[in-house]
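Here's the letter readout for the chains.
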Amino acid sequence: VRDQDSSEMWSVFRVARRATVFDAMALRSGEFVKISGKHDGYQRISHGLVHSRDWRCSAEKIKISDHVNRLQINAVSRFILHPAVKCKRVSEDKISLFLPGGQRVSIEASMITLGTSSYALGFNNRVKTSELIVQLKDGKALTEISIDGV
């Protein structure tokens, strides 16, 4: 949200103000597992601002819904990838990930872009990696992950 992390960082491993998680739950319903939760980590930006995320998982697909309760807030969801994962844009709203074992994973979301981030392999050992950035529209975003061939 507004280019800020949900927990305020002083340095690489020091957290100043930590987001508080609430309404966390997991439930199984038939072939689906749903995991959801909310946090208040952006209160310092806008009083009452809450981020919620729901994961709906099946054998074929994972659907991740992000929501912020202030529609006028500029927000993105970031998915930082392992450095061994390779990316290729397939269409405006689809990116393929190629895993080290040869599997291919498709990521679909409107307003999705590729970016560069860093990945911590260990203490004081960071390497460049790719990240997926999904822009929230009207406070909402839906990201769908599917393993190709399943």
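Residues numbered from 1 in each chain as written. Predicted model: local features only at pLDDT ≥ 70, side-chain atom pairs only at ≥ 80, totals over all residues. Heavy atoms only, no water.

(A) Summary view of the sheet that holds strand S8 (residues 86-91). The strand order across the open sheet built from eight strands is S3-S4-S5-S6-S13-S10-S9-S8, with neighbouring strands paired in antiparallel fashion. Of all strands in the sheet, those with a lone pairing partner are strand S3 (21-29) and S8, marking the two edges. Averaged over all pairs of adjacent strands, the angle between their axes in this sheet comes to 15°, without regard to strand direction. Pairing of S8 with strand S9 (residues 94-98) involves five bridges; the strand directions are antiparallel. When the sheet's bridge partners are listed, Lys86 is paired in S9 with Phe98. (Pairing = 2+ DSSP bridges. Helix = DSSP H or I, 4+ residues; strand = E, 2+ residues; numbered from the N terminus. Axes fitted to C-alpha atoms, helices over the stretch in contact; angles between N-to-C directions.)

(B) Broad picture of the sheet that holds strand S12 (residues 125-135). In space, the three strands of this open sheet follow the order S7-S12-S11, with antiparallel pairing throughout. Each edge of the open sheet carries a strand with a single partner, namely strand S7 (76-80) and strand S11 (112-122). On average, adjacent strands in this sheet sit at an angle of 35° to one another, irrespective of strand direction. Pairing between S11 and S12: 10 bridges, direction antiparallel.

(C) Structural detail: unusual backbone geometry. We note that Asp23 has phi near 50°; this positive angle belongs to a residue other than glycine. Judged by its relative accessible area of 51%, Asp23 is exposed. At Met111, a residue that is not glycine, the phi angle is positive and equals roughly 60°. (Buried < 20%, exposed > 50% of the residue type's maximum accessible area, 1.4 Å probe, protein only.)

(D) Broad picture of the pattern of salt bridges. Within this structure, the stated rule accounts for four salt bridges. The closest approach of N and O atoms between Arg78 and Glu131, which form a salt bridge, is 3.0 Å. Of the two residues, Arg78 sits in strand S7 while Glu131 sits in strand S12, which places them 53 residues apart along the sequence. The class for Arg78 is partly exposed, based on a relative accessible area of 42%. The exposure class assigned to Glu131 is buried, which follows from its relative accessible area of 6%. (Salt bridge = Lys/Arg side-chain N within 4 Å of Asp/Glu carboxyl O.)

(E) A look at the side chain of Asp66. Here Asp66 is to be found in strand S6 (residues 61-68). At a separation of 2.8 Å, a polar atom in the side chain of Asp66 contacts the side chain of His51. There is a polar contact of 2.7 Å between the side chain of Asp66 and the side chain of Ser77. The contact partners of Asp66, leaving out residues within four places of it in the chain, are His51, Ser52, Arg53, Ser77, Leu136, Gly139, Lys140 and Ala141. (Polar contact = N/O pair within 3.5 Å; in protein donor to acceptor, adjacent residues only side chain to side chain. Contact = heavy atoms within 4.5 Å.)

(F) The arrangement of the confidence of the model for the chain in detail. The predicted model of the chain has a mean per-residue pLDDT of 86, with 85% of residues at 70 or higher. Counting contacts from residues 6-10, a segment whose pLDDT is below 50, to residues more than four positions away or on other chains yields 19 contacts. (pLDDT = per-residue confidence, 0-100.)

(G) Here's a closer look at the nonpolar core. If you look at the biggest cluster of nonpolar residues, it comprises 19 residues, and the most contacted ones within it are Leu97, Ile107, Ile112, Leu132 and Val134. Looking at this core, the elements that each hand over two or more residues are S6, S9, strand S10 (104-108) and S12. Once you skip the residues sitting within four places of it in the chain, Leu132 turns out to touch Ser77, Arg78, Phe79, Leu81, Ile95, Ile107, Ile112, Thr113 and Leu114. (Core = buried A, V, L, I, M, F, W, Y, C linked by side-chain atoms within 4.5 Å.)

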